Structures are given as C-alpha cells and as structure tokens.
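# Residue-level structure breakdown
One letter stands for each residue in the lines below.
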Amino acid sequence: MIRREFVDGYYELDRCRVCESAGLIKFLDLGQMPLANSYVSSVDAAKECVRYPLAINYCKNCSMSQLSLVVDPSIMFKKYFYRSSISRTFVKHCAELAKNSLQRFNFSASDLVVDIASNDGACLREFQRTGVNVLGVDPAENLAKMAIESGVHTIAKFWNEETAKEVRNEYGGAKMITAMNVFAHVGDLGSFLKGIDILLQDDGIFLIECPYMVNFIKNTEFDTAYHEHLSYFLLKPIMVLMRKHELEVFDAGLLDIHGGTIRIYVQRKGNGSNQIRHDVIEKLLDAENDMGLCDVNTYLKYSDKVHKIRDTMINTIQELKAKGKVIAAYGASAKGNILSNYCGFGRDDIEYIVDDTPEKQGLLAPGHHIPIVSSKVLEECHPDYLILLAWNFSKELMEKTAGFRGRGGKYIIPIPEVKIVS
Ligand code: DWN
Ligand code: ZN
C-alpha cells in the first residue's frame, strides 16, 4: 500500500489506491472546498477556514474512483460533529441490521461485535439489544465519550493494525466487525484490512456499508464528494482489494440509506463458513458494467450533469429572492456544505440552516458561514422555502416540518434533480 507523509496537512497520490495503476483520469473538479464538517463558532474563527482542491479521479485499470489529495485524518476526525443517532431512519436501519445478523450468523452471548468508526454508538446499541458483546472504535474523543455514557464501551483511536492488536489482546477475536460509512474514508486501505485480519475470528464476518458509485453517477450525488470520502466504490474494485488481502466477498446487497449504499459481506478467503452468493455478486458486477461504470467515457460526461444542477439551483434561488421570498435550509450536512459552497450560496441566499444536532446549533457552516439553528426557529420566523440539504432524509425532514408545510411552505430538493415540492 502506498504511504506518504503529510505536508501542510495533506499529501497527493499519483497512483490508484486500490491497484496502484498510474492510469488516473480526473472527471469531477469541485474546486477549492472547505472540509465539509469544519463548523466554526464565529466569523473570526472562520477566517482560518482552510480550503483544499476537491477532485475525483477514475482508475482506468480497476474502475475505482477516488480523491488523490488526502487530508490528514487527525484534522478531520479527532473532533467530529456528525452524530449517527440524530436520524431515526439510520437508527432503524441499524436495528434491522442487528436483528438480521443475529438470525443469519447465529450469534451467541459470548460473541463480540466491533464497529469501526462507531460514532456515538448508534449502531452498536442496536447490536447490544441482541445480547452480544460490543466494542466501538472511533478516533473522535467527543463521540467516544457520548457512546461510553450511553453504555457502549468505545476506544477513541483510529483503526489500524496496532489498534487491532490491542483489541485482540484485550477482548479476543471478533465474530463480526462492521464498518458503517467509514471504508470510503480510509487513507491506508492495506493497514485497515490487515487490522481486520488480526481481529476477526477464523469464521468471522467483516461487514462494510458505504456509498455506492452507481447512485453517485445515476443520481448525480456530487455533493457526497468531500475530503472525508477518499474512495467512491463499485463492487468491482472492492473485489480486487479483498483478493489482495486474502479475503473474499460472499454476499452483497443494495440499500437506500444515505442516498444509496452497498452492503458487502466479507470472510477469510476459502474459509467456507458462509456460502458465496455468486449469483448476487455477478448480477451486481454485470449491472456496473452495463451502466458503463467500467468505461471512462461515462465519467467524462458527468460534470455536465453537475453543472446543470448547480446552475438550476442558482437560478431558482435568485428568482425566489427577486420575489422577496425568505429561504432557509434543513440539514447542516457535509453534503449540504459542499452543495451550497459549490453554488456560491451565502447568508444573502440562505438565511439559516436548521439542524437537530445540538453540537452544530449556534455554529456557522463551513465556507459560507451560514448560521445553524434549532428547529424552534422555524416556528418563530416562517421561511417561504426550505432547501433540504440532507435530501437523503427528505421523508423524515418533511414529516418533522408539517407545521411549515401547513403554512404553505415549500421544499427545494436539489438531488437527483432540482425540484420544488409542497
Ligand atoms: O459518511 C458520512 C455520512 C454517513 O454522514 C460522513 N462522512 C458524514 C455524514 O455526511 P452528511 O453530514 O452529509 O450526512 P447526513 O446524515 O446526510 O447529515 C444529515 C444532517 O441532517 C445531520 O447534520 C443531521 C441533520 N438532521 C436533522 O437535523 N434532523 C437529519 C435528520 C434525519 C433530522 O431529522
Ligand atoms: Zn485502480
């Protein structure tokens, strides 16, 4: 695996992070962007807002899409504002995963489930309910504290071989290791997977959930590109990666959560504990190929779709502002920060962003420094429009804002194409 030293908080790769080929083609360039979760407390603090180039490259050899500029993870993840448990939709998703895993893999009370990047313990609490032992690993000290206070023991460290050895020595092997929305964030995939090999029991299951490149392309989900997301996976490069590390994919599935997620089940190569679902795997690989996602030309047309959404958003906001309309937003999400910065929106366009994450309220969103407020503000000052920046939770957000809708308020949903709904 390629290793580099960070200089001024980042380094650049000139090779593919999966197959190490030099055949990388840039297909999306969002320019200089702030770190998508770098919320600040005041405009003065905002003056230190560091921007880095944000561009995605496609590997012609293994069809892996990726950032080549890697920002130092300790800048992004040691203190983390995103909390998994804020979304009822996500917590329900984890409860279903825990229940299905218990049934499918026949967990016993002595089994250990470890969640890497366990955030505030949202997912492990659901596994805990099934009676298994759980352990969280997450570098964000603020989140680890919340998880521990909620009864989910958590180690505040990055996942790598060293952390894996420490966990194995103290807790023994893991029956299941989950990586929910972290695998795409990993700089050194080799060290990450060596850690899995160290901790996983012989018949253990490694489960990955990550954003799926099919949805990114099909639904123009360009706003899910941010410096945290180094990898934009298809199943094809994941198969290449697992083979390199004596692991094998034995099942996979597609989920709606987070704008389209692929769930991948992995075991030790030749382990045989779980029958390989060749039919499922081949069908997904064929669909990736049939969609043209193994052909660089598909990617070279992508920017046009992105520019269309950007230009439509800008025109829509300008027209509404010209009519004297008051526009706010809901969901101070990482994706929302990318979309609004890419459109060049500021406080003159979006008065404030509502968010239910207590730690985000009172802060300013990265880049454009639009204030983040609690939903109480919606009852006090009645905006005419709400941009759902967390469009992946549109249903949940619209259910929460029935009062706004009842007063004639309308929603602007930017992805997969800009639409206004009431
Ligand atoms: O991979 C990642 C995904 C899983 O989460 C991380 N790298 C960062 C983060 O991305 P995001 O911030 O775009 O994720 P969400 O889940 O789309 O963000 C939703 C935002 O909306 C959060 O700030 C919470 C907020 N929210 C809310 O205020 N009330 C969400 C719901 C559902 C709500 O009811
Ligand atoms: Zn490659």
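Attention now moves to the environment of C343. Here C343 is to be found in the loop between helix 13 (334–342) and strand 15 (353–354). Since its relative accessible area comes to 8%, C343 is described here as buried. Measuring from C-alpha to C-alpha, the distance between C343 and H307 comes to 9.5 Å, with 36 residues separating the pair along the chain. Excluding its chain neighbours within four sequence positions, the residues that come into contact with C343 are R310, M313 and I314.

A few words on the nonpolar core. Buried together is how nonpolar side chains tend to be arranged in soluble globular proteins. If you look at the biggest cluster of nonpolar residues, it comprises 138 residues, and the most contacted ones within it are L30, F127, F183, F192, F206, F222 and M242. Residues contacting F183, with those up to four places away along its chain left out, are L189, F192, L193, F206, I208, F233, L241 and M242. Judged by nonpolar contacts, the second largest core, of ten residues, contains Y52, V71, L143 and M146.

Bringing the pairing of strand 18 (residues 410–413) into the picture now. Side-chain positions along a regular strand alternate between the two faces of the sheet. When strand 17 (residues 385–388) meets strand 18, the two strands line up parallel, connected through three bridges. By the bridge assignment for strand 18, I387 is matched with I412. Pairing geometry for strand 18 and strand 19 (residues 419–421), over three bridges, is antiparallel. Within strand 19, the residue paired with I413 across the bridge is K419. The hairpin formed by strand 18 and strand 19 contains five residues between the paired strands.

Here the focus is the packing of aromatic side chains. All chains considered together, the criterion is met by 20 aromatic pairs. Taken together, a centroid distance of 5.6 Å and an interplanar angle of 55° make the contact between F77 and Y80 tilted. Relative to Y302, the ring of F216 has its centre 5.3 Å away and its plane inclined at 20°; by these criteria the two rings are stacked. A residue pair is termed long-range when its members are at least 10 positions apart, and F216 in helix 8 (residues 213–218) and Y302 in helix 12 (residues 302–322) qualify at 86 residues. You'll find F216 and Y302 in the same group, each marked buried. Taken together, F27, Y58, F216, Y232, Y299 and Y302 form an aromatic cluster joined through their ring pairs. One residue, R104, lies across the ring of Y265, its end atom 4.7 Å from the ring centre.

Around ligand 1, the surrounding shell holds 27 residues, and the nearest of these are E228, K335, D355, D356 and K360. Within the side chain of H229, a nitrogen or oxygen atom sits 3.1 Å from an oxygen atom of ligand 1. Contacts to ligand 1 include D355, whose side-chain N or O atom sits 2.6 Å from an oxygen atom. Out of a free accessible area of 710 Å², ligand 1 has 97% covered by protein chains. Of all the elements, helix 15 (residues 394–400) adds the most residues to the shell around ligand 1, at three residues. Across the shell around ligand 1, the residue classes break down as ten nonpolar, ten polar and seven charged.

With that settled, consider the side chain of T357. Mapping T357 onto the fold places it in the loop between strand 15 and strand 16 (372–373). T357 gets classed as buried once you look at its relative accessible area, which sits at 5%. Sequence-distant contacts of T357, that is, excluding residues within four places in its chain, are made with F81, R83 and I86.

Before going further, it helps to examine the coordination of the zinc ion (ligand 2). Each pair of donors in an ideal four-coordinate tetrahedral metal site encloses 109.5 degrees, whereas pairs in an ideal six-coordinate octahedral site enclose 90 or 180 degrees. At the metal site, the zinc ion (ligand 2) is ligated by C16 (SG), C19 (SG), C59 (SG) and C62 (SG), and these contacts range over 2.2 to 2.3 Å. Angles of 100 to 117° at the metal separate the four donor atoms of the zinc ion (ligand 2), which places the site in the tetrahedral class. Taken in chain order, the donor set of the zinc ion (ligand 2) reads C-x2-C-x39-C-x2-C. With C19 in the loop between strand 1 (10–12) and strand 2 (24–34) and C62 in the loop between strand 3 (51–59) and strand 4 (65–67), this residue pair connects regions lying 43 residues apart in the sequence.

Let us now look at the pattern of salt bridges. Taken as a whole, this structure holds 19 salt bridges when the rule is applied. In this structure, E141 and K78 form a salt bridge, with 3.5 Å as the shortest nitrogen-oxygen distance. Taken as a pair, E141 in helix 5 (residues 141–149) and K78 in the loop between helix 2 (73–77) and helix 3 (88–105) lie far apart in primary sequence, 63 residues in all. When its relative accessible area of 47% is taken as the criterion, E141 is described as partly exposed. For E166, the salt bridge is made with K157, and the minimal N-O distance between the two is 2.7 Å. In this structure E166 comes out as partly exposed when scored by relative accessible area, which is 28%. Note on K157: relative accessible area 33%, which makes it partly exposed. Salt bridges sharing partners connect three or more residues here, namely R104, D251, R277 and D279.

Before going further, it helps to examine unusual backbone geometry. In the segment running from I415 into P416, the intervening peptide bond is cis, with an omega of 10°. Note that P416 resides in the loop between strand 18 and strand 19. In this structure, E246 is a non-glycine residue whose phi angle is positive, near 55°. Note that E246 resides in the loop between helix 9 (235–244) and strand 12 (247–255). Positive phi, normally seen in glycine, also occurs at H369, with a value near 60°.

Cut-offs applied
- Residues numbered from 1 in each chain as written.
- Chains lettered and ligands numbered in written order.
- Predicted model: local features only at pLDDT ≥ 70, side-chain atom pairs only at ≥ 80, totals over all residues.
- Heavy atoms only, no water.
- Helix = DSSP H or I, 4+ residues; strand = E, 2+ residues; numbered from the N terminus.
- Buried < 20%, exposed > 50% of the residue type's maximum accessible area, 1.4 Å probe, protein only.
- Contact = heavy atoms within 4.5 Å.
- Core = buried A, V, L, I, M, F, W, Y, C linked by side-chain atoms within 4.5 Å.
- Pairing = 2+ DSSP bridges.
- Phe/Tyr/Trp six-rings, centres within 6.5 Å; stacked < 30°, edge-to-face > 60°.
- Lys NZ or Arg CZ within 6 Å of the ring centre and 35° of its normal.
- Near = heavy atom within 4 Å.
- Polar contact = N/O pair within 3.5 Å; in protein donor to acceptor, adjacent residues only side chain to side chain.
- Areas by Shrake-Rupley, 256 points an atom, 1.4 Å probe, with all protein chains shown as cover.
- Nonpolar A, V, L, I, M, F, W, Y, C, P; charged D, E, K, R; others polar.
- Donors = N, O, S within 2.8 Å, 3.2 Å for Na, K, Ca; no water.
- Tetrahedral: all angles 85-135°; square planar, octahedral: opposite > 155°, others 65-115°.
- Salt bridge = Lys/Arg side-chain N within 4 Å of Asp/Glu carboxyl O.

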